[in-house]
Every structure is written in C-alpha cells, then in structure tokens.
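Summary of structural features
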Amino acid sequence: MSELTIRNIQWFPGHMTKTRRMIAANLSLVDAVVEILDARIPQSSRNPEMNQMVGTKPRLFLMNKADMADPVMTDRWIAHFRKTGIPAIPVDCKSGKGVKNFTGAIEQLLQPLLEKRKNAGMVGTPIRLMIVGIPNVGKSSFINRMAQSRRAKVEDRPGVTRTKQWVKIGSNMELLDMPGVLWPKFDDQEVAKRLAFTGAINDDVVDIEMLAMMLLEYLAKTYPKALTERYKMTEFTEMGGLELLETMGRKRGMLISGGEVNIERAAITLLDEYRSGKLGRMTLESPEEQADG
Ligand code: G4P
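Residues numbered from 1 in each chain as written. Predicted model: local features only at pLDDT ≥ 70, side-chain atom pairs only at ≥ 80, totals over all residues. Heavy atoms only, no water.

Another point: the environment of Lys 232. Relative to the helices and strands, Lys 232 is located in the loop between helix 9 (224–231) and helix 10 (241–251). Taking the C-alpha atoms as reference points, Lys 232 and Lys 251, separated by 19 residues in sequence, lie 7.1 Å from one another. Setting aside residues up to four positions removed in sequence, Lys 232 forms contacts with Leu 227 and Lys 251. One polar contact links the side chain of Lys 232 to the main-chain carbonyl oxygen of Glu 229, over a distance of 2.9 Å. (Helix = DSSP H or I, 4+ residues; strand = E, 2+ residues; numbered from the N terminus. Contact = heavy atoms within 4.5 Å. Polar contact = N/O pair within 3.5 Å; in protein donor to acceptor, adjacent residues only side chain to side chain.)

Written out as structure tokens, the structure is:
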C-alpha cells in the first residue's frame, strides 16, 4: 500500500531546540530519567534523541497503557529493554494498575546511589526524577496518580508557556514535570503510521480511510482472530486494505444507496473500536523487527 501522507504536523524546530536545552540544563538536578512509552508501540513512542540526550544517567521506561497492549508482547519488550540496559515496568495510569511497582523499580535502579547516600549519612535527600514522554502518552495521568490528586491538565502545546515544576511524592521522591514534550521519529513512515493508529497523531492531519486500510492489513496478518470475532470476517488473508475495509463495512451494514459500502464510516468505526480496545489488547510492533534497540 502507498505511503500515508501526514499534513501540516505542528511540530516546530524551535520547540525541539527548547526541549533539548531544557533537558540538558536540568539533567544534573535529577538522579534518573523516567521515559513514558506507549506499551502498544514501545519503539515508535520513543524519542529518537533520548539516548544521546540522557547520556549515562540511569533510566527507567514506563510502559504505559499496558491495559491496551498484548501482555505477551509487553513481556517481550520488557526483556528486550532489559538487554539494552534499561529496566521497564508495565503500568496502566488510567486505572492505576502497576503504578505501585514504580517506587520499587526506581529504588532498584538507583540502588548504588542510595547505598552511597546512606553510607554518607544523607538520609533525607529525596530521589529526584525527570519525567519525559511524547504528547498523549500519559505523562499527566502518571504524575497525577503518583501525586494522588487531580491537578489541572495544562496543554503541552508549543507556544504555551509553562514553567517546570517539582511534584513531591511522599517524603523521599520528587518528580520534575518538564514543560517541554518529546517528539517521536515522524520522518519514519512506519513510526508515523503506528502513531496515527493509536491516535497519537491527530486524525485531522491524516487520510483516515487510508489509515484504516493500513490498520486492517496489519491486523489481518497479526491479529486475524480479532477481525473474525468482532466483525465476523472470514477468508481475508489474500485481501488488500480496501477490500478488507469494504468487507468490514458490509458486515456492519454500513451501506449507502446502490449497495456500496460507506468507506468513511467504516474507517471511523474501525479506528474508534481499535482505540477504545473493543478489538482486544494488541501491540503494533515487536522487538525483533527493531534494528537499533
Ligand atoms: P500526556 O500528559 O502525556 O499528554 O497524556 P495524558 O495523561 O493527558 O493522557 C492522554 C490520554 O491517554 C488520556 O485520555 C488518558 O486518560 C489516557 N491514558 C493515560 N494513561 C492511560 C493508560 O494507562 N491506559 C489507558 N487506557 N489510557 C490512558 P483522554 O481520552 O485524552 O482523556 P480521558 O479519557 O482521561 O478524559
């Protein structure tokens, strides 16, 4: 299938520069960096420059939205990240599941440092963490969960000024909520596609019919059972995207005059149902297909 065109992505080079500078300027204030990923697209939701920006600072990945990801795949991703030297834990910041494991994971990550502080008698020094992630990945949800209060959500839009804030968690942890948000690797077609599937790239800037066809092609190959169970689709292995979408729309009775399928309606329904988890828990990429770890 041809390429997905993404129109007018609002991502400004100036904004990236500012975020890069902010991370560099604040790294020395924190003991570790927590990068929140979307467990459905653990690689595509990463920032392409994070490795370089963070350097040797200890890092933890939070695989958020794990409730919507394939649990078997989440385990494989966690094992993969561990091999690259970065521990990862699954969390669901919507329900709070897994969030209780965060403190333990951080203590384990920073064990040498905490030991050193203890031996030096620095018992009251809080653990300071920088929290980063691409837009919509669940940064606010995580910080709110940890802070156990609902703070007003401030839009992470370029041009909206916000100052950095420390959020106190209990007596021994402080989270640095950075005003800048990370950007994903938009220039990679596969990455852009997966971000659009999950809704991380707004539907206004993509062709949703094309997007739905691409998602169906992926699901037909990787999660065929979901299409059979949800849409009663059968014998679709040889079908291309358009035929898949037509079949799905027909099964749902989305017809217009003349008996043709209302493709737009079918596309919107598919994307909605996928994103709200009605097709089941799915992961859209595997560690095996990633070359750069
Ligand atoms: P951000 O600060 O990184 O931009 O993300 P934010 O916390 O605002 O979360 C973005 C959306 O993702 C929100 O949905 C939020 O509820 C949802 N979300 C966050 N974490 C999880 C998770 O672990 N599982 C699931 N299923 N969803 C999660 P929304 O539709 O924008 O808002 P609302 O539904 O909360 O009203």
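Turning our eyes to something else, we now look at the site of the ligand. Contacts to the ligand come from 16 residues, most closely from Cys 93, Asn 136, Lys 139, Ser 140 and Ser 141. Contact between the ligand and Ser 141: an oxygen atom at 2.6 Å from a side-chain N or O atom of the residue. In isolation the ligand exposes 710 Å². Once the protein is present, 68% of that is buried. (Near = heavy atom within 4 Å. Areas by Shrake-Rupley, 256 points an atom, 1.4 Å probe, with all protein chains shown as cover.)

Along the chain, Val 167 turns up in strand 5 (residues 165–169). Taking the relative accessible area as the measure of exposure, Val 167 reaches 7% and is therefore buried. Along the chain, Val 167 and Ala 147 lie 20 residues apart, while their C-alpha atoms are 7.2 Å from each other. (Buried < 20%, exposed > 50% of the residue type's maximum accessible area, 1.4 Å probe, protein only.)

With that settled, the discussion passes to the packing of aromatic side chains. In the structure shown here, the tally under the stated rule is three aromatic pairs. Their ring planes at 65° and their centres at 4.6 Å tell us that Phe 61 and Phe 81 sit as a pair that is edge-to-face. You can see Phe 61 sitting in strand 2 (residues 59–64) and its partner Phe 81 sitting in helix 3 (residues 71–83), a full 20 residues away along the chain. On the basis of an interplanar angle of 35° and a centroid distance of 5.4 Å, the ring pair of Trp 77 and Phe 81 is categorised as tilted. Here the residue Trp 77 and the residue Phe 81 both occupy positions in helix 3, the gap between them amounting to four residues, near one helical turn. A network of ring pairs unites the aromatic residues Phe 61, Trp 77 and Phe 81 as a single cluster. A cation over a ring is seen here: Arg 128 above Trp 166, with NZ or CZ 5.6 Å from the ring centre. (Phe/Tyr/Trp six-rings, centres within 6.5 Å; stacked < 30°, edge-to-face > 60°. Lys NZ or Arg CZ within 6 Å of the ring centre and 35° of its normal.)

The element strand 1 (residues 32–38) is extensively covered by neighbouring structure, given that seven of its seven residues are classed as buried. Because side chains alternate across strand 1, one face comprises the buried residues Ala 32, Val 34, Ile 36 and Asp 38, and the other comprises Val 33, Glu 35 and Leu 37, equally buried. Pairing between strand 1 and strand 4 (residues 127–133): five bridges, direction parallel. Each residue of the ladder has a partner; that of Ile 36, found in strand 4, is Gly 133. Summarising the sheet, strand 1 and strand 2 pair through six bridges and their orientation is parallel. Bridge pairing links Val 33 to Arg 59 in strand 2. (Pairing = 2+ DSSP bridges.)

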